[in-house]
Amino acid sequence: MNSGWLAWECIVFAVFICGSSCLPLWSRKKDAAAAGSAKRAYIFAGGGVSVLSMMLSVARGTLGVRSFLGFPSELVYFGSSMWETLYGMILAFPVVCLVFIPVYFRLHTNSVYQYLEMRFGSKSVRRLAAATFLLRQVLNLAVTVYTPTVALHAVLGLPHWASAAALTVVTVVFNLLGGLAAAIRADVIQTLTMVIVSGAFIMQATIKSGGPAQVLQDNIDGGRMKFFNFTWDPTVRVDTFSAIIGQLFMSVSIYGCQQTFVQRYCSMSSEAKVRRILFSNVPAVSVLFSLSWVVGMALYSLYRYCDPLMSGKISAPDEVLPFYVQDQFAFLPGMLGLFLGSIFNGALSFLVSNINSLSTVTWEDFVSSAPAFRDITDKQQLTAIKIIGIIYSIIIMIMSLFVRFVNGVVEANMLVTSATSGALLGVFLLATLFPMANGKGALCGMIVSHVMTIWMAMGRLLYVNTKVDMLPLSVETCPNATAQALNPRHMAVVVNETLSRYAPVFEAIDSSHTAKKAVSDNILFDSLMKFYSISYMWYAVIGTLVCVLCGVIVGYLTNQESDKFDERLLHPLVARMARKFPGKSHTLTTPDRERTSEENEASDKTCDTIVEDQRTQTGLAGNKIYYIDSIEPMKTRL
């Protein structure tokens, strides 16, 4: 690539980044006016976001930038197994609508983890859940920041640290000037750009490969299109069963228990709109999720007999898409710059919206309770939240430099998400569906769940060979295939003559030992290795079940009169059934009754209106009474 051509691509890249970053910030003053305060506009988007924009933002937040770069390389080198995680994703939307939305939408909390303190009367449960979310998002965002650095390194040769630093600087500026509404508009721009660019990739590669029928046939013949593969083996990286069940638990944890999405739900004007958005996301996520896999199908067909990784043209599987753009779109000036800008902007919009959630949770659940920050104004609170966001941006940039040591962006993202989803989903299920659960049980369940999943993850990383074998490819048609790819040289074997001379003596000593103890040790070791070999797709399932089981048992055994809570903090159906459950009585503070017409109409009001209507409705947590929209304890008569 000559310098003039490269300069033109850099200009297109810079113009796209500036335009896609400045346009979302255009209406930031209008957002603040609509919300009533700058802080609420920053956190909740002021309620002025359209249904279509919110739907695209939720879909984009579901996929992240990993789908654009990671999924095509996943199909080319590992096949379509991970594609089937789509089943679990689309099943999660109705589950969230039925289980969590009826509880969340009537609450007015800046942090979703505030609900856990209202339900269990325990700051420890709230902070442990918030810390779990913070850990998961920081690790996932490190993968997000790393993703565009791969493309920029492959095409322009930029060091990973330089690309990560540039992305962090733009994120900090956007974070200081914008809020959730601006992040949502950036998501919309990025989603539309991704669809257009991916469509161009598919068309070009399909034409070069000989048409859609040829692309499909090449992928079938090459073993890339294997669906409905039920192995029933929990140690398999991913099969159809783990894709359905494992991804379902992970997705419910993300959509239903994550601050990033709950903020978006509460920015809508009615519960009915939230339901419409979630159900509308089923086809939207299906199309957007599958689009990147179709790109991978086209790339495999194009490079089936001239793999750029085997031929030494790229150094990592995740670089196959940037190589394709550079290799096949030289005839179209600006396409490479648009591709790089789309990846960079995708990481930027995803990072900005999540930094918003990270700083909000950190402020609401940890920092705001410090004596130095009590009774400060909304403007000062907003300043503190933005400073926290800057700190997170720097931490994420540093951590992104270590992502390259994991087997690809898809692998890294799935491992982090699954390992942290179990405890988080489990404690929210305890809060919404199990009246017998209390603060002690919830805290015990989360701790045991975390210990279990961390033990499994560390054992897998330390003792199990997690490297996944790539599916076969070829370089037989490459014009400049390297001799090393075609004729790999074998390392010379050096024999230690001294050890070989005394080998019979060592064998005789070894045979003199009894085999019984060795067999016993091997059985224990093999069992432990099988336990460590369980696929990370099952971590969320195991963690959730462990958390719920421990929480229910401990809650049932330690249930006391002080564990009272408002039945409105339960799922409405569970609240009606709670008094009929056998066993110990479950003390609820609101009697069973049919909802009035005014309460039925409340679900169609805005979050702000609901708060005003419910300011007199209080919930008991321990011996303190809380307003539904405030977690600060209020003095009242018990």
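Residues numbered from 1 in each chain as written. Predicted model: local features only at pLDDT ≥ 70, side-chain atom pairs only at ≥ 80, totals over all residues. Heavy atoms only, no water.

Looking at the nonpolar core
Then comes step 1: Core analysis: the largest hydrophobic core is formed by 140 residues, its most contacted members being Phe100, Tyr113, Leu116, Phe201, Tyr324, Phe339 and Phe428.
Then comes step 2: Sequence-distant contacts of Tyr113, defined by excluding residues within four places in its chain, comprise Arg126, Ala129, Ala130, Phe133, Cys257, Gln258, Gln259, Val361, Asp365, Leu424 and Phe428. (Core = buried A, V, L, I, M, F, W, Y, C linked by side-chain atoms within 4.5 Å. Buried < 20%, exposed > 50% of the residue type's maximum accessible area, 1.4 Å probe, protein only. Contact = heavy atoms within 4.5 Å.)

Comments concerning the state of the cysteines
Then comes step 1: Counting across every chain of the model gives one disulfide.
Then comes step 2: Across a sulfur-sulfur distance of 1.9 Å, Cys306 and Cys478 are joined as a disulfide pair. Between Cys306 and Cys478, the S-S torsion sits near 120°, and that sign places the bridge as right-handed. Residue Cys306 is located in the loop between helix H15 (271–303) and helix H16 (320–328), and its partner Cys478 is located in the loop between helix H20 (439–463) and helix H21 (483–486); the two are separated by 172 residues in the primary sequence.
Then comes step 3: By relative accessible area, Cys306 is classed as buried at 13%.
Then comes step 4: We classify Cys478 as buried; its relative accessible area is 9%. (Disulfide = S-S within 2.5 Å. Helix = DSSP H or I, 4+ residues; strand = E, 2+ residues; numbered from the N terminus.)

A closer look at the packing of aromatic side chains
Then comes step 1: Applying the stated criterion to the full structure yields 30 aromatic pairs.
Then comes step 2: With 6.0 Å between their ring centres and 10° between their planes, Tyr87 and Phe228 make a pair best called stacked. Pair noted here: Tyr87 is in helix H6 (residues 85–99) and Phe228 is in the loop between helix H12 (212–221) and helix H13 (240–257), with a separation of 141 residues, a long-range link.
Then comes step 3: Summarising the aromatic geometry, the rings of Tyr115 and Phe428 are spaced 6.4 Å apart at their centres and angled 20° between planes, so their arrangement reads as stacked. Of the two residues, Tyr115 is situated in helix H8 (residues 114–120) and Phe428 in helix H19 (residues 408–433); the sequence distance between them amounts to 313 residues. Per residue, the accessibility class of Tyr115 equals that of Phe428, and both read buried.
Then comes step 4: A network of ring pairs unites the aromatic residues Phe201, Tyr303, Phe323, Tyr324, Phe329, Phe331 and Phe339 as a single cluster.
Then comes step 5: Positioned over the ring face of Phe565 is Arg119, at 3.8 Å from the centre of the ring.
Then comes step 6: One Lys or Arg, Arg237, reaches over the ring of Phe78 and ends 5.4 Å from the middle of that ring. (Phe/Tyr/Trp six-rings, centres within 6.5 Å; stacked < 30°, edge-to-face > 60°. Lys NZ or Arg CZ within 6 Å of the ring centre and 35° of its normal.)

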